[in-house]
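Okay, here's what each chain looks like letter by letter:
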Amino acid sequence: MATRDNWSREEDIIAFNLYSQIPFGTIHERNPKIQELAKLIGRSVGAVSRKLANFSRLDPSLQQRGIKGLTHGAKGEEEVWNEFTKRAEALAFESERLLATREGKSVEELAQIETDDLPPPGKERDAIVRVRVNQSFFRRRVLSAYGFRCCVTGLSVRSLLVASHIVPWAVDPANRLNPRNGLCLNALHDRAFDYGLMWIEKDFTIKMSAKLRGANRGSSEVATWLSSFEDKRLVLPGNFQPDPNLLLKHAKKWRKLAKTSV
């Protein structure tokens, strides 16, 4: 058993799980999630808060904004961070599994994934569960970064929010769980983004396809509302801001069709 001065790999992974799912500005001892984790792993609230702050020193999305976090940390944090960089899907699932075990739940229950349509126990079921758990991890990671608000409209009704991949899950495996490959969108703008009716320029300016603008001529109130956000800037999160290069990759795919009429 690890001493109270030394964190085990398991504890580091569980702490990383929480770091990945709360905004940087909420890493403090008053955060109920930090208090809950401290109780779960038998650590002080201050120790857990410091551990999460230590992870922030390794976060490129914060470094780019000049935020360095704490200057000193443990080797275990670096090892977990580097491991996630190299094999994100495996470590994300492991973090969920370890946390579920600590809470006395199944990983499916912890991640709140649908199980009614799953095949019988076996390799096929295990593979599907792994994908769904990781998708749930990505969703929570992205939505929490944006404070559970749509980055286009500011809508904060959680049941209407989607963690939208900039480059689709199937297209770019290396960025499947990268929060900078995600946007928190309401369901309608998510659909528009997915079908190329909307894209985001590298400067975070919102652009709409001529197809959507053309629909306005038919007096479609929904289309008018959707396209009313054109040329506005995204509401950016404190950390995990969308990668401009991934936005450009998405935009290039659809920009050629932007002048196509309905």
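Provided above is the structure to which this section pertains.
From a predicted model like this one, the values you see are computed outputs, not experimental measurements. (Residues numbered from 1 in each chain as written. Predicted model: local features only at pLDDT ≥ 70, side-chain atom pairs only at ≥ 80, totals over all residues. Heavy atoms only, no water.)

Whenever I open this one, the overall build of the protein chain confuses me. Can you help?
Tallying secondary structure elements over the protein chain gives 12 helices and 4 strands in all. A total of 262 residues make up the protein chain; the buried ones form 48% of that total. Intrachain contacts of the protein chain at a sequence separation of at least 6 include 60% that bridge at least 24 residues. For the protein chain, the exposed area adds up to about 13,700 Å²; of that, 52% sits on carbon and sulfur atoms. (Helix = DSSP H or I, 4+ residues; strand = E, 2+ residues; numbered from the N terminus. Buried < 20%, exposed > 50% of the residue type's maximum accessible area, 1.4 Å probe, protein only. Contact = heavy atoms within 4.5 Å. Areas by Shrake-Rupley, 256 points an atom, 1.4 Å probe, with all protein chains shown as cover.)

Would you mind going over a nonpolar patch on the surface with me for this structure?
On the surface, a cluster of nonpolar side chains totalling about 270 Å² of accessible area is made up of L188, V222 and W225. Tracing the chain through its elements places V222 in helix α11 (residues 221-227). (Patch = residues over 30% accessible without salt bridge, like charges linked within 9 Å, V, L, I, M, F, W, Y side chains within 5 Å. Salt bridge = Lys/Arg side-chain N within 4 Å of Asp/Glu carboxyl O.)

Looking at this structure, I do not really get the packing of helix α1 (residues 9-19) against helix α2 (residues 32-41). What am I missing?
A pair of packed helices is captured by two measures, namely the crossing angle of their axes and the spacing between those axes. Axis separation between α1 and α2 bottoms out at 11 Å; the angle between their running directions is 165°. Between α1 and α2, the angle falls in the class roughly antiparallel. Helix-helix and strand crossings are classified by hand; for α1 and α2 the assignment is right-handed. Between α1 and α2, the residues in contact are E11, I14, A15 and L18 and K33, I34, L37 and I41, respectively. Partitioned by chemical class, the residues of the contact of α1 with α2 number 6 nonpolar, no polar and 2 charged. (Axes fitted to C-alpha atoms, helices over the stretch in contact; angles between N-to-C directions. Parallel < 35°, antiparallel > 145°, perpendicular 65-115°, else oblique. Left-handed = near helix turned anticlockwise from the far one by under 90°. Nonpolar A, V, L, I, M, F, W, Y, C, P; charged D, E, K, R; others polar.)

Explanation requested: the packing of aromatic side chains in the structure shown.
Two measures describe an aromatic ring pair: the distance that separates the ring centres and the angle between the ring planes. Counting across every chain of the model gives 7 aromatic pairs. Ring centres of Y19 and F55 lie 6.0 Å apart, and the angle between their planes is 35°; on these two criteria the pair is classed as tilted. Separated by 36 residues along the polypeptide, Y19 in helix α1 and F55 in helix α3 (residues 45-56) bring together distant segments of the chain. Each member of the pair, Y19 together with F55, is buried. (Phe/Tyr/Trp six-rings, centres within 6.5 Å; stacked < 30°, edge-to-face > 60°.)

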